[in-house]
Amino acid sequence: MKKLITYILLFLLAFSFLFPFLIMVLGSFKEMEYALLDPFFWIPDNPSLANYTYIFRDGIFLRWIFNSLVITIVPVFSQMFLCAVLGYIFAKKQFPGREAIFWTFMAVIMIPQQLLIIPKYIMFADFGWINTYWALIVPELWGIMGVFLVRQFLQGIPNDFEEAAYIDGANDIQIFSKIILPLSIPVVATVGTFSFINNWNDLFQPLIYMTQEKMFPVTVGLATLLGKEGNFGIEMAGSTLSFIPTFLIFLFFQRYFTEGIQMSGLK
């Protein structure tokens with residue numbers, strides 16, 4: 001009886017998380033003229049692809065998807081590499097001021113992003129980066145939290161690997177590329193997963209730096225789509241398409257993601 005009650009509670013909890021996604025997916029197949037006309041408006045009577053056809057008709061949604069891919073993929077790969085390098089340096093190398101520099105980086109996380117948006121906007125405007133990819137790519141080329149995760153992970157790897165490699169005549173680059181990086185695949189994949197989800201789903205910064213419709217990422221485009229079209233089905237179709245990449249990334253890296261979180265000590 002105790003197990004039965006536990007499973008029922010877990011099922012109800014899981015369903016409460018899945019229910020919004022169910023509404024989103026089913027609502028995307030609801031024909032436009034029938035949306036919001038009944039209490040169960042999200043259940044399609046006659047499933048239709050009309051909403052998907054509608055959002056692709058002028059090509060602007062494809063442009064939003066392309067913009068999101070550009071501002072997401074570049075930071076993902078740069079963060080995976082730079083966080084691995086910096087995490088290795090802070091975890092395994094000794095140099096003056098190492099701890100002070102690292103914890104200064106960590107203190108930056110405590111500053112709310114909203115406080116920096118005005119000086120960043122002024123700076124990017126002087127650079128001519130408004131309505132360009134640079135304003136969203138350059139600040140995300142590396143992530144402090146990613147460095148922290150890699151550092152925590154590598155501190156759990158014995159120094160014997162490095163010492164044995166030094167005895168065999170390997171240099172720092174060879175040790176990093178041949179020993180440290182292969183051992184760090186779980187945490188590096190975790191950093192990449194976090195980076196992809198954060199950049200793909202970011203609404204605040206693109207809303208500030210992008211004022212032209214053709215430069216909108218999919219998050220800003222969806223926000224404007226509802227106000228412009230005022231249709232539930234169209235909005236749900238766009239949301240479903242926007243959700244697919246993050247779902248596939250997490251599904252693909254799930255094993256590495258879980259292992260990396262456990263071994264880096266992040267709770």
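None of these values were measured; they are calculated from a predicted model.

## What to know about the packing of aromatic side chains
Consideration 1: Considering all chains together, one arrives at 20 aromatic pairs under this definition.
Consideration 2: Between Phe90 and Phe102, the ring centres sit 5.4 Å apart and the planes meet at 55°, which makes this aromatic pair tilted. Remark: Phe102 occurs in helix α4 (residues 98–108) and Phe90 occurs in helix α3 (residues 60–92); sequence separation between them is twelve residues. No difference in accessibility class separates Phe90 from Phe102, as the two residues are buried.
Consideration 3: Site record: aromatic cluster; members linked through ring pairs are Phe90, Phe95, Phe102, Trp103, Phe105, Trp142 and Phe148.
Consideration 4: A cation sits over an aromatic face here: Arg57 above Tyr54, 4.0 Å from the ring centre.
Consideration 5: The side chain of Arg151 reaches across the aromatic face of Phe102, ending 4.1 Å from its centre.

## A short note on the packing of helix α8 (residues 160–167) against helix α9 (residues 172–183)
Consideration 1: Remark: α8 packs on α9, axes separated minimally by 10 Å, with the N-to-C direction vectors making an angle of 130°. If you check the angle between α8 and α9, you find them oblique. With respect to the hand of their crossing, α8 and α9 are arranged in right-handed fashion. Listed contacts from α9 to Phe161, Glu162, Ala165 and Tyr166 of α8 are Asp172, Ile175 and Ile179.
Consideration 2: Of the residues that constitute the contact of α8 with α9, the class distribution is five nonpolar, no polar and two charged.

Thresholds applied
Residues numbered from 1 in each chain as written. Predicted model: local features only at pLDDT ≥ 70, side-chain atom pairs only at ≥ 80, totals over all residues. Heavy atoms only, no water. Phe/Tyr/Trp six-rings, centres within 6.5 Å; stacked < 30°, edge-to-face > 60°. Helix = DSSP H or I, 4+ residues; strand = E, 2+ residues; numbered from the N terminus. Buried < 20%, exposed > 50% of the residue type's maximum accessible area, 1.4 Å probe, protein only. Lys NZ or Arg CZ within 6 Å of the ring centre and 35° of its normal. Axes fitted to C-alpha atoms, helices over the stretch in contact; angles between N-to-C directions. Parallel < 35°, antiparallel > 145°, perpendicular 65-115°, else oblique. Left-handed = near helix turned anticlockwise from the far one by under 90°. Contact = heavy atoms within 4.5 Å. Nonpolar A, V, L, I, M, F, W, Y, C, P; charged D, E, K, R; others polar.

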